[in-house]
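In case you want the letters, here they are:
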Amino acid sequence: MLTHRQKLAWAVVALAAFSGVVLFAGLLAPYDFATQDRDKPFAPPTGIHFVDASGTFHIRPFVYGPGDSGQSVEGSAQGSDQRYPLRWFVRGAPYKIAGLATSRVHLFGVERPARIFLMGSDGYGRDQFSRFLYGGQISLLAGLIAAILSVSIGILMGGIAGYYGGWIDEILMRGGELFLALPWLYLLFAVRAALPLHISQWQVFLLLISVMGLIGWARPARLIRGVVLSAKERNFVLAARGFGASDAYLLRRHVLPQTYAVLLTQVTLLVPQYVLAEVTLTFLGLGVGEPMPSWGALLTSLQQYSVLSSYWWMFLPALLLIPLFVVFYAAADALQELHKSVPL
Amino acid sequence: MGRIRLARARVVLIVAISCACAAARALPSQASDDRMIADGAPGHAGGRLVIALRSEPKTLNPALALDEPSRDVIRCLTADLIHINRGSLKTEPALAKSWNVSRDGRQYTLQLRRGLRFSDGEPFSADDVIFSFQVYLDEKVDSSQRDLLVVGGKPITVVKVNDYTVRFELAQPYAAAERLFDSIAILPRHLLESGYRNGAFSQAWSLSMPPSQFAGLGPFRLKEYVAGQRVVLERNPYYWKADRAENQLPYLNEVVFLFVPSEDAQVIRFQSGDTDVLSRFSAENFAVLQKQQSVRGYHLDDLGAGLEYNFLFFNLNDLAANGPPEIARKQVWFQDLRFRQAVSAAIDREGIVRLVYSGRATPIWDQVTPGNKLWLDERIAHPARSLEHARQLLQSAGFSWKNDGALVDPHGNSVEFSILTSSSNAQRTKIATIVQDDLSQLGMTVQVVPLEFHALVDRLTNTHNYEAAVMGLVSGDADPTSEMNVWLSSGETHLWHPRQEKPATAWESEMDRLMQQQLVTLDYAKRKTLYDRVQKIVAEDLPVICLVSPNILVGAANRVGNFRPAIVVPYALWNIEQLYVQ
């Protein structure tokens, strides 16, 4: 069995690797997320071969090219015997590295007219694998920012409520309960309907994270209030107060540091929760618009019976999200075990 | 869902068919001595047919029904005087067994069938016809049929000549107006007159009333309504049609309409054999159903192009005075023909056909679809997609490109706009997404905004707060007269600039003149020349950029006999009196 510390280390490594993959989506993805190949809607994952039809083994893996003329409409299979070897570090569609430098180098690819769709293509003939990687940028970022936002508000509200107590505590905590009771999905529908039509994708993105973050602060605030409540009665805090320390100093120096373990655990728990919230919202048509991918957008086509029943590879993004969430929860679990003393 | 249905004003194509097609003959031994003999192979009596409706009918009152489910049910319960045969698209006698047109084309004298009875057993006579038209023409009733019955600015007058003869008088010649009578359901005076006189007509024949309160001249009558679940119709024993073997129609004992709210759910119900007939479904679902066609005991038909045309259009309303300034600024581009031509040239119509309709659609360049063989102008050019040509057009209109490829107008504003679509119509949203990608290759930044259908229509027709939209129209009839309100500049459905007081452009005023002229011209060849010119204007001046016409797809269980689907509404059930189950 792994110790909690080892478990945490593994989880952190896995998360870092996952984030790295998503961060370098441009390099790792063979195509741009918006490029349509209108001859190949709903193409199944491309087979990567080592052995050709005549039984000859090739060291360099290859894919088969498209048929000469009759591109079939539904799930165009490999049509010709023409081999297209897999190449490393090929030049393709331009992309930005970390939003700054432009590059055209992709880790792997095949020469046109062949295509390599590791996870198949969607209804517009766009590469699902590339879209999954780019989609992670939006979904993970949205989850992370929203989690940090709601935890920050939680610290502020919970810290003040727990430290000062009395009527301030009452107002803040009852206000928090009001937020918990809000039907936030309908709130989001209402907010989206009230906004003008042309809000850009980044504005939708900001709207998503701010609504998720602003609504989610009440739960962390309650936890932090509890921790602060017990922390402010500790002897060293009382001693510091006796020496004339100000409230701000006490909070910053002595009380809030005791909440860090809770905060970290909360963030690890909230990130996957908010990633899922993004998936739900986009599934309901409230997310970033086409052609921008997000994990939610990748799953929306599954609403259609024809896609659901005919194209199994459209489920792959959903399957890939499962290990990600397992790792997140494993990290949260390990963090919690390491700080057993802290109530959750 | 998600499409505007045109009002069904109709003008007949050929005057010659007006009297010649009296296929009815008397059957002396029968209770109804004036029965009509229907074409088609004789079938077996009995059994029932189950059909899914997208939603509950709102009403069963023919004068008030606007939604498709209500109309689908009402069509089974009622009959009209002269009917358009959906198979041949020609008029045929219905409750009127024959008719004469006066020499000036303004008077129609209709001979009604004798001895007919409503589904409750009460006799039918000219009084019911007079009453029905009085209701439809009453402004207080506000029926959607009223617009069709106003010819040359004046309502049609109806005169009773005797118990079985009625005369209709028109203010001006109206080609051959018998297509007008189609779908004008004749109402039973004995049941509805008192309510109408008391001013309670708007509540009459809501679904909550007991079935005994309903009666019609259609093949079926109401048996049961279970809120939220189904409407059940039973055979009308007094129906006035018989088959060639002189068996009384309809064959079916019962027709059950289930309420199944989504297309996917309808497809699944059909696939599992819960329903017998399916129409109005997507090409993707056609492909799914096709895979199990042989084992599941149903068959599918692709009838080819229907009458629906989907198009992209820009907001050409006069917004300079009081519209949103941001849209008014962009209208300078939209009003430039070269801009619209460039957009049209850049759109990959073949790609739309492949990706959105899996090949089950036809690219189009004007509003007459290949399904409408009588009015199609084959000479309209079908230019292939050319980004090069599009760029030249934009350049000649003063647009230029920045270093990063973004298109800017002569004032240096980057070309950005949004395309609205109906969120309930997945196909149209997909079309808009493809257009978005096509136009991004010209350096335009386009956003696709799916909106709830009613919110969309409100923006298009009332507030004019939009930039561009992808919409589709489908007429109930192939005749151009059914499209009057689209192409007349004063029309309600003149989508890009509705309800103009006088035509804003030279080509709109020419279109007005052509449409008005074809309305009163009696000769088909002359009308065709006039309407060809309208098509040419649409293709060249691009008030709407026509994109695709989807094929009509239908399916039916193999046990359904006499199944002869048509490319016009109601695609599969137009001959329901002749459908039978084996």
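Residues numbered from 1 in each chain as written. Chains lettered and ligands numbered in written order. Predicted model: local features only at pLDDT ≥ 70, side-chain atom pairs only at ≥ 80, totals over all residues.

### Comments concerning the overall build of chain A
And then number 1: A tally of helices and strands in chain A yields 13 helices and five strands.
And then number 2: Considering only C-alpha atoms, chain A reaches an extent of 85 × 50 × 40 Å along its principal axes.
And then number 3: Looking at chain A as a whole, 37% of its 344 residues are labelled buried.
And then number 4: At a minimum sequence separation of 6, the contacts of chain A that also span at least 24 residues come to 70%. (Helix = DSSP H or I, 4+ residues; strand = E, 2+ residues; numbered from the N terminus. Buried ≥ 20, exposed ≤ 12 C-beta atoms within 10 Å, placed from the backbone. Contact = placed C-beta atoms within 7 Å.)

### A short note on the interface of chain B and chain A
Where interface size is quoted, it is often the accessible area lost as the parts come together.
And then number 1: Between chain B and chain A, the residue contacts involve 23 residues of the former and 19 residues of the latter.
And then number 2: If you list the elements that add at least two residues to the side of chain B that touches chain A, you get helix 5 (263–271), helix 6 (283–291), helix 10 (349–357), helix 12 (426–440) and strand 23 (445–451) of chain B.
And then number 3: For the side of chain B that touches chain A, the per-class residue count stands at nine nonpolar, nine polar and five charged. (Nonpolar A, V, L, I, M, F, W, Y, C, P; charged D, E, K, R; others polar.)

### Digging into unusual backbone geometry
And then number 1: Omega for the peptide link from A:Arg112 to A:Pro113 comes to 5°, which places this bond in the cis form.
And then number 2: Here the residue pair B:Val569 and B:Pro570 is connected by a cis peptide bond, since its omega of -10° sits within 30 degrees of zero.
And then number 3: Along the chain, B:Pro570 falls in the loop between strand 26 (560–561) and strand 27 (580–581).
And then number 4: You will see that B:Asp142, though not glycine, has its phi angle at about 60°, which is positive.
And then number 5: If you trace the backbone, B:Asp142 turns up in the loop between helix 3 (126–137) and strand 8 (150–151).
And then number 6: In this structure, B:Arg499 takes a positive phi of about 55° despite not being glycine.
And then number 7: By the element assignment, B:Arg499 lies in the loop between helix 14 (484–487) and helix 15 (506–520).

### Overview of the confidence of the model for chain A
And then number 1: The predicted model of chain A averages 83 in pLDDT, with 93% of residues at 70 or higher.
And then number 2: Within chain A, helix 5 (residues 184–194) of chain A has the poorest average pLDDT of any element, 76, and helix 3 (residues 128–164) of chain A the best, 90. (pLDDT = per-residue confidence, 0-100.)

### What to know about the packing of helix 3 of chain A against helix 10 (residues 260–283) of chain A
All names here are of chain A.
And then number 1: The N-to-C vectors of helix 3 and helix 10 enclose an angle of 135°; their axes lie 8 Å apart at closest approach. With respect to their mutual orientation, helix 3 and helix 10 come out oblique. Seen from above, helix 3 lies across helix 10 with right-handed handedness. Taken together, the residues of helix 10 that come into contact with helix 3 (itself represented by Ser 139, Leu 140, Ala 142, Gly 143, Leu 144, Ala 146, Ala 147, Ile 148, Ser 150, Val 151 and Ile 155) are Leu 263, Gln 266, Val 267, Leu 270, Val 271, Pro 272, Tyr 274, Val 275 and Glu 278. (Axes fitted to C-alpha atoms, helices over the stretch in contact; angles between N-to-C directions. Parallel < 35°, antiparallel > 145°, perpendicular 65-115°, else oblique. Left-handed = near helix turned anticlockwise from the far one by under 90°.)

### Remarks on the nonpolar core
All names here are of chain B.
And then number 1: Core analysis: the biggest nonpolar cluster contains 171 residues, and Leu 81, Ile 419 and Leu 547 have the highest contact counts within it.
And then number 2: In terms of residue count, the dominant contributor to this core is strand 25 (residues 545–557) (nine residues).
And then number 3: Non-local contacts of Leu 81, meaning those with residues more than four positions away in its chain, are made with Ala 94, Leu 95, Ala 96, Leu 110, Val 129, Phe 181, Ile 184 and Ile 186. (Core = buried A, V, L, I, M, F, W, Y, C linked by C-beta atoms within 7 Å.)

### Some thoughts on the sheet that holds strand 1 (residues 49–51) of chain A
Residue and element names in this part refer to chain A.
And then number 1: Pairing within the open sheet is antiparallel, and its three strands lie in the order 1-2-3. Only two strands of the sheet have a single partner each, and these edge strands are strand 1 and strand 3 (83–85). On average, each strand axis in the sheet is tilted by 55° relative to the strand beside it, whichever way the strands run.
And then number 2: Bridge count between strand 1 and strand 2 (residues 57–64): two bridges; the pairing is antiparallel. If you follow His 49 over to strand 2, its bridge partner there is Phe 62. (Pairing = 2+ DSSP bridges.)

### Here's the deal with the environment of B:Asp336
All names here are of chain B.
And then number 1: Positionally, Asp 336 belongs in the loop between helix 8 (325–334) and helix 9 (337–346).
And then number 2: For Asp 336, a count of 17 C-beta atoms within 10 Å puts it in the partly exposed group.
And then number 3: In this structure the C-alpha to C-alpha distance between Asp 336 and Pro 324, which are twelve residues apart in sequence, comes to 19 Å.

### Considering the environment of B:Asp404
Residues and elements named next belong to chain B.
And then number 1: Structurally, Asp 404 can be placed in the loop between strand 20 (400–401) and strand 21 (407–408).
And then number 2: Using a count of 6 C-beta atoms within 10 Å as the deciding quantity, one classes Asp 404 as exposed.
And then number 3: Residues Asp 404 and Arg 340, spaced 64 residues apart in sequence, show a C-alpha to C-alpha distance of 23 Å.

### As for the sheet that holds strand 6 (residues 96–101) of chain B
All names here are of chain B.
And then number 1: Pairing within the open sheet is antiparallel, and its four strands lie in the order 6-7-11-10. Each end of this open sheet is capped by a strand with a single partner; those strands are strand 6 and strand 10 (157–162). In this sheet, neighbouring strand axes are inclined to one another by 25° on average, regardless of whether the strands run parallel or antiparallel.
And then number 2: As judged from the five bridges shared by strand 6 and strand 7 (residues 107–112), these two strands associate in the antiparallel manner. The residue of strand 7 that forms the bridge with Ala 96 is Leu 112.
And then number 3: Where helix 3 meets the sheet, it contacts strand 7, strand 10 and strand 11 (165–169), and its direction lies at approximately 170° from that of strand 10.

### Here's the deal with the pairing of strand 2 of chain A
Residues and elements named next belong to chain A.
And then number 1: In textbook terms, the turn of a hairpin is the stretch between consecutive antiparallel strands, and for strand 1 and strand 2 this stretch comprises five residues, one of which, Gly 55, has a positive phi near 90°.
And then number 2: Pairing of strand 2 with strand 3, which is carried by three bridges, proceeds in the antiparallel orientation. If you follow Phe 62 over to strand 3, its bridge partner there is Pro 85.

### Points about the pairing of strand 23 of chain B
Side chains on a regular strand alternate between the two faces of the sheet.
Residue and element names in this part refer to chain B.
And then number 1: The element strand 23 is extensively covered by neighbouring structure, given that five of its seven residues are classed as buried.
And then number 2: Note that strand 22 (residues 416–422) and strand 23 share seven bridges and pair parallel. The residue bridging Ser 418 from the neighbouring strand is Gln 447, located in strand 23.

### Here we look at helix 9 of chain B
Residues and elements named next belong to chain B.
And then number 1: Among the ten residues that make up helix 9, eight are buried, leaving the element largely enclosed by the rest of the structure.
And then number 2: Within helix 9 the residues assigned to the buried category are Phe 339, Arg 340, Gln 341, Ala 342, Val 343, Ser 344, Ala 345 and Ala 346.
And then number 3: The secondary structure elements touched by the buried residues of helix 9 are strand 18 (309–314), helix 8, helix 11 (387–396), helix 12 and strand 25.

### What about the confidence of the model for chain B?
All names here are of chain B.
And then number 1: On average, residues of chain B score 88 in pLDDT, and 94% of them are at 70 or above.
And then number 2: Contacts of residues 1–32 to residues separated by more than four positions or lying in other chains number 101 contacts, the stretch itself having pLDDT below 50.
And then number 3: For this predicted complex, the interface confidence comes out at an ipTM of 0.78, alongside a pTM of 0.83.

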